[in-house]
Amino acid sequence: LMRNATALDWTGDPVDTSGWTQTMLSASGGNCAYVPDVPPASTLGGPVSRSEVLVRAKDWYVRDVPYGSDLYAWDLTHSKDYREDCSGFVSMAWHLTTSYTTANLSQVSSTISKSSLRPGDALNYAGEHTVLFIGWKDQDAGTFSYYSESNPGVDMEYGTANVYSGNIAGWPAASYAAIRYDKIV
């Protein structure tokens, strides 16, 4: 069963916090899953949801877009083509108006603490490399997963690392700053 509050609201049936009415919950015997409304798609340079950022990123990963700082690839919706390097990849995932560089991603993002990272944020080593944060494996230990457009030998990469120690995509973890796109919702 899917939520259809518009069709059921007129009955006066109470709706709980999950979006299900009492009648729907009773009829399903509790064997149902709430399907949330799909957020509207973003526009170039506008607000973008965390879930859309991850969908956009996964598209390049699944397509295994090859690395190349002089190459360009389309995003998921063919709204823009982006440079096929690490910062071009993050620019594409965030649906920015152009391919930023690791040196100027700060123009569209804010620095946050590493412990505050959420899916769709990034770790940026200005002038060197950036990766897109997917999620925590173990936040207390600092381990997380990421997507990265790494280098010609690796192309698109799914990896795990520690935000506090070791290397992230071949660069020292201590060199990275956690950043959040200013218009992520």
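Scroll up to find the structure.
Every chain's residues receive numbers from 1 upward, in the order its sequence appears when written. Only residues with pLDDT of at least 70 get local features here, since the model is predicted, and only at 80 or more are side-chain atom pairs given and counted; chain-wide, interface and lining totals rely on the full set of residues. The basis for every side-chain value is the complete set of heavy atoms in the structure, and neither hydrogens nor water enter the calculation.

S.K.: Quick one: what's the story with helix H4 (residues 86-93), residue by residue and with numbers?
M.R.: For an α-helix, 3.6 residues make a turn, and residues three or four places apart therefore share a direction. Any residue under 20% of the maximum accessible area for its type is buried, any over 50% is exposed, and the rest in between are partly exposed; the area is computed with a 1.4 Å probe on protein chains only. Going along the chain from the N terminus, every DSSP run of H or I of four or more residues is numbered as a helix, and every run of E of two or more is numbered as a strand. Taken across its eight residues, H4 has eight buried, putting it largely inside the fold. Residues of H4 that are buried include every one of Cys86, Ser87, Gly88, Phe89, Val90, Ser91, Met92 and Ala93, and no others. Looking at the packing, one finds that the buried side of H4 touches helix H3 (50-63), strand S2 (81-84), strand S4 (122-125), strand S5 (129-138), strand S6 (143-149) and strand S7 (156-162). Of the residues trailing H4, His95 is marked for its positive phi of about 60°. Note on definitions: a residue-residue contact is assigned when non-hydrogen atoms from the two residues lie within 4.5 Å.

S.K.: With reference to specific residues and values, describe the pairing of S2.
M.R.: Pairing of strand S1 (residues 68-74) with S2 involves four bridges; the strand directions are antiparallel. Paired with Trp74 across the bridge in S2 is Asp81. Two strands make a pair as long as DSSP finds a minimum of two bridges between them. Here S1 folds back onto S2, and the loop between the two strands holds six residues, one of which, His78, carries a positive phi near 60°.

S.K.: Explain the environment of Ser110 residue by residue, including any values.
M.R.: By the secondary structure assignment, Ser110 is in strand S3 (residues 109-112). Relative accessible area serves as the criterion here: at 35%, Ser110 is assigned to the partly exposed category. Sequence-wise, Ser110 and Asp121 are eleven residues apart; in three dimensions their C-alpha atoms are separated by 10.0 Å. Not counting residues within four places of it along the chain, the set of residues in contact with Ser110 comprises Ala178, Ile179, Arg180 and Asp182. Of note is the side chain of Ser110, whose polar atom sits 2.7 Å from the side chain of Asp182. Distance and chemistry together define a polar contact, namely a pair of N or O atoms within 3.5 Å, with one atom able to donate a hydrogen and the other to accept it when in protein, and with adjacent residues in sequence counting only for side-chain atoms on both sides.

S.K.: Would you mind going over the nonpolar core in detail, with residue names and values included?
M.R.: Looking at soluble globular proteins, one finds that nonpolar side chains tend to be buried together. For our purposes a nonpolar core is just a set of buried Ala, Val, Leu, Ile, Met, Phe, Trp, Tyr and Cys residues, chained together by side-chain atoms within 4.5 Å. One finds Trp60, Phe89 and Trp94 to be the most contacted residues of the largest nonpolar core, which totals 24 residues. For this core, the elements supplying multiple residues, two or more each, are H3, H4, S5 and strand S10 (177-181). If one sorts the elements of this core by residue count, H4 sits on top with four residues. Here Phe89 is in contact with Ala57, Trp60, Arg83, Leu132, Tyr147, Ser148, Glu149 and Met156, once residues within four sequence places are set aside. Formed by 13 residues, the second largest nonpolar core is a distinct cluster that contains Leu117, Leu123, Val131 and Phe144.

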